[in-house]
Amino acid sequence: MIANYHTHTPRCKHAIGREEEYVRCAMDAGFQILGFADHTPYPFPAGFVSGFRMGLHELEDYCLTVRKLRQQYAGQIQILLGVEAEYYPKFFPDLMDILRDNGVQYMILGQHMIGNEIDEPYCGIPDGDAKKLERYCDQSIEAMHTGLFTYFAHPDLFHFVGDKKVYQAQMRRICQAANSCRLPLELNLLGLHGNRHYPNPHFWEVVAEENCRVIMGMDAHQPKFLLDADIRCRGREFLAGYGLTPMDTVTLRSIR
Ligand SMILES: [Zn+2]
Ligand SMILES: [Zn+2]
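None of these values were measured; they are calculated from a predicted model.

Considering the coordination of the zinc ion (ligand 2)
Argument step 1. Only His6 (NE2), His8 (NE2), Glu84 (OE) and Asp219 (OD) from the protein reach the zinc ion (ligand 2) as donors, at distances of 2.0 to 2.3 Å.
Argument step 2. For the zinc ion (ligand 2), the four donor atoms are set out with angles of 80 to 167° between them, so the coordination reads as irregular.
Argument step 3. All donors of the zinc ion (ligand 2) come from a single chain, and their spacing in sequence reads H-x1-H-x75-E-x134-D.
Argument step 4. Separating the zinc ion (ligand 2) and the zinc ion (ligand 1) is a distance of 3.3 Å, and Glu84 donates to both of them. For the pair His6 and His8, one class covers both residues: buried.

This is the structure we're talking about:
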């Protein structure tokens, strides 16, 4: 693994370590490309506070910090400035203006909630509601079709506990949309490391059947996680079990 496009910073309120520590660990681990993709701020209406992302007032410093590191480490490691973003239709156009104004280079799609986040539960809690799963898929597919996302992070985040056939039929729609948009799907190594409900084997069966493009993402929330070579091996083995080989790098989709 020579590139990781999924790196957080403490601004999301659930990661630790300074940006430079992430860079140093990435270099020690042999990465040639390190992309910061912290949880994007979102222009929600006043009074609504999202607890797992940076505030709008933190974006400027985030971008400055990453750009400064890019210059400082030029020639040693390529540093990219991105965000992990949900697609919330109501606030998305405003979000795009903000990200463009700040010179963000790329977005990865991380659809942690459906609707517009407000009054919606986290997608990663066990849920047997097929309608909700369908909404997750509809919304993710709409997001992919914007053409603005570079890849889809933990596409199997939705924790469906209902019928496997129902689940796979819905998730196949995501795989087929990813193919028609030529958009890679991420095997999330943090989930694999933490024995979370993702990566979900039922999902990866479908990814293999549809022969989707696949990339591995560390989803690092602490610098040292980037040094974990074992999890990268396990990721490759996991994919090999489905006859899949991850891409080394992805082409960034411009957000303009
Ligand atoms: Zn995420
Ligand atoms: Zn993440």
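Regarding the coordination of the zinc ion (ligand 1)
Argument step 1. The zinc ion (ligand 1) binds to the protein through Glu84 (OE), His112 (NE2) and His154 (NE2), with metal-donor distances spanning 2.1 to 2.2 Å.
Argument step 2. Ordering the donors of the zinc ion (ligand 1) by residue number gives the pattern E-x27-H-x41-H.
Argument step 3. Taking relative accessible area as the criterion, His112 reaches 6% and is therefore assigned buried.

Regarding the packing of helix 5 (residues 164-180) against helix 7 (residues 201-210)
When two helices pack together, you describe them by how their axes are tilted relative to each other and by the distance separating the axes.
Argument step 1. Axis separation between helix 5 and helix 7 bottoms out at 9 Å; the angle between their running directions is 45°. Looking at the two axes, helix 5 sits oblique to helix 7. Crossing handedness for the pair helix 5 and helix 7: right-handed. Between helix 5 and helix 7, the residues in contact are Lys164, Tyr167, Gln168, Met171, Arg172, Cys175, Gln176 and Asn179 and His202, Phe203, Glu205, Val206, Val207, Glu209 and Glu210, respectively.
Argument step 2. For the contact of helix 5 with helix 7, the class distribution of residues is six nonpolar, four polar and five charged.

A word on the packing of aromatic side chains
Argument step 1. This model, assessed by the stated rule, comprises 15 aromatic pairs.
Argument step 2. Centroid distance Tyr22 to Phe36: 6.2 Å. Interplanar angle 75°. Geometry classified as edge-to-face. On the criterion of sequence distance, the pair formed by Tyr22 in helix 1 (residues 19-28) and Phe36 in strand 2 (residues 33-39) is long-range, its members being 14 residues apart.
Argument step 3. The buried category is assigned to Phe36, whose relative accessible area is 0%.

What counts as what
Residues numbered from 1 in each chain as written. Chains lettered and ligands numbered in written order. Predicted model: local features only at pLDDT ≥ 70, side-chain atom pairs only at ≥ 80, totals over all residues. Heavy atoms only, no water. Donors = N, O, S within 2.8 Å, 3.2 Å for Na, K, Ca; no water. Tetrahedral: all angles 85-135°; square planar, octahedral: opposite > 155°, others 65-115°. Buried < 20%, exposed > 50% of the residue type's maximum accessible area, 1.4 Å probe, protein only. Axes fitted to C-alpha atoms, helices over the stretch in contact; angles between N-to-C directions. Helix = DSSP H or I, 4+ residues; strand = E, 2+ residues; numbered from the N terminus. Parallel < 35°, antiparallel > 145°, perpendicular 65-115°, else oblique. Left-handed = near helix turned anticlockwise from the far one by under 90°. Contact = heavy atoms within 4.5 Å. Nonpolar A, V, L, I, M, F, W, Y, C, P; charged D, E, K, R; others polar. Phe/Tyr/Trp six-rings, centres within 6.5 Å; stacked < 30°, edge-to-face > 60°.

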